[in-house]
Each structure stands twice: as C-alpha cells, then as structure tokens.
Amino acid sequence: VQLQASGGGLVQAGGSLRLACAVSRGTFSTYDMAWFRQAPGMEREFVAAVEKSGSTKYYADSVKGRVTISRDKAKSTMYLQMNSLQPEDTAVYYCAGSPSSILSQVRNHHAYNYWGQGTQVTVSS
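Thresholds applied
- Residues numbered from 1 in each chain as written.
- Predicted model: local features only at pLDDT ≥ 70, side-chain atom pairs only at ≥ 80, totals over all residues.
- Heavy atoms only, no water.
- Helix = DSSP H or I, 4+ residues; strand = E, 2+ residues; numbered from the N terminus.
- Buried < 20%, exposed > 50% of the residue type's maximum accessible area, 1.4 Å probe, protein only.
- Contact = heavy atoms within 4.5 Å.
- Pairing = 2+ DSSP bridges.
- Axes fitted to C-alpha atoms, helices over the stretch in contact; angles between N-to-C directions.
- Phe/Tyr/Trp six-rings, centres within 6.5 Å; stacked < 30°, edge-to-face > 60°.
- Lys NZ or Arg CZ within 6 Å of the ring centre and 35° of its normal.

A. Representation of the side chain of Thr-119 within the structure. When you line up the elements, Thr-119 lands in strand β11 (residues 119-124). Its relative accessible area of 10% is what places Thr-119 among the buried residues. If sequence neighbours within four positions are ignored, Thr-119 has contacts with Ala-5, Ser-6, Gly-7, Gly-8, Leu-19, Ala-91, Val-92 and Tyr-93.

So, in structure tokens, the structure goes:
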C-alpha cells in the first residue's frame, strides 16, 4: 500500500490549503484514514480521522471548526481542507491508513499501518 500526500505550501495567517492523500496498491475503501502533523522538536500530533465509510469523522480540539476531512472512494483519495490557518499550524502533515478499525484509538499514531511521506505546511504571521 502506498500513500502519497500533497498540497502543502506556504500561506499567510488566515489563509487556506487543501491537502490530498492518494492511496495506491491497496483497497482504499477498506481503510480508516487519518491526518497527523509534526512540528520540529514535537511529538506527532493527531489532526483528523475518517472511518472507512466516510460517515464518522474525528477532529483534534486544536483544529475543530477550521478543518474538514473527507474522502473520495472513486479517486482513492483523502482530503484535508484547512481554513483560518495560524502559525501554530506549521508542521509536516502526514496521512495514515489502517485496515483495522481505529475507533478505539483514533488519536494514537501507533494504530496506523500505512504512512505517506509528509507534506510541509508553513503559515507565516
């Protein structure tokens, strides 16, 4: 299974970005999916997750109301729409997938089997 994250970049505070995670060599519809982020010197942090059907979504308190996670089965791609970005959102964003239900440990990065390479998001003040 391969995950390819894209869509990062440099944006001013208050701006928006949409990240994408394309899944190949696997069955996208059978994976629970998530976004994590990691700033320099910090632990990897949960951002958002969506279970395989797309109907149940989870968000970190730090991004709730500003980001929307979604998935497109036909394109085997997961998205993270981020609005009202702030400098503290600066990090490398990673997408992750799990063939098992992550319902009980959605915020635990150890629960995910598959990882993308990360995409840098930088928010300037």
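B. Highlighting the pairing of strand β3 (residues 17-24). As judged from the five bridges shared by strand β1 (residues 2-6) and β3, these two strands associate in the antiparallel manner. Each residue of the ladder has a partner; that of Gln-4, found in β3, is Ala-22. Sheet topology note: the β3/strand β8 (residues 77-82) ladder contains six bridges and is antiparallel. Counterpart to Leu-19 in the pairing with β8 is Leu-80.

C. Here's a closer look at the environment of Thr-68. Within the secondary structure, Thr-68 sits in strand β7 (residues 67-72). Taking relative accessible area as the criterion, Thr-68 reaches 41% and is therefore assigned partly exposed. For the pair Thr-68 and Ala-22, spaced 46 residues apart in sequence, the C-alpha separation works out to 17 Å. When neighbours within four sequence positions are excluded, Thr-68 is seen to be in contact with Tyr-59, Tyr-79, Leu-80 and Gln-81.

D. The sheet that holds β7, seen in detail. In spatial order, the strands read β1-β3-β8-β7; together these four strands make up an open sheet with antiparallel pairing. A single partner strand is all that each edge strand has here, and the edge strands are β1 and β7. On average, each strand axis in the sheet is tilted by 15° relative to the strand beside it, whichever way the strands run. Across six bridges, the pairing between β7 and β8 is antiparallel. Residue pairing across strands places Val-67 opposite Met-82, the latter belonging to β8.

E. Here's a closer look at the packing of aromatic side chains. Per the stated rule, a full pass over the model turns up five aromatic pairs. Summarising the aromatic geometry, the rings of Phe-36 and Tyr-112 are spaced 5.3 Å apart at their centres and angled 75° between planes, so their arrangement reads as edge-to-face. Of this pair, Phe-36 sits in strand β4 (residues 32-38) while Tyr-112 sits in the loop between β9 (91-98) and β10 (114-115), and the two are 76 residues apart along the sequence. There is no split in this pair, since Phe-36 and Tyr-112 are both buried. Between Tyr-112 and Trp-115, the aromatic rings sit 6.3 Å apart at their centres with planes inclined by 70°, giving edge-to-face as the arrangement. Taking relative accessible area as the criterion, Tyr-112 reaches 5% and is therefore assigned buried. A relative accessible area of 27% places Trp-115 in the partly exposed class. Chaining the aromatic ring pairs together yields one cluster made of Phe-36, Phe-46, Tyr-112 and Trp-115. Geometry around Trp-115 places Arg-44 over its ring, the cationic atom sitting 4.8 Å from the centre.

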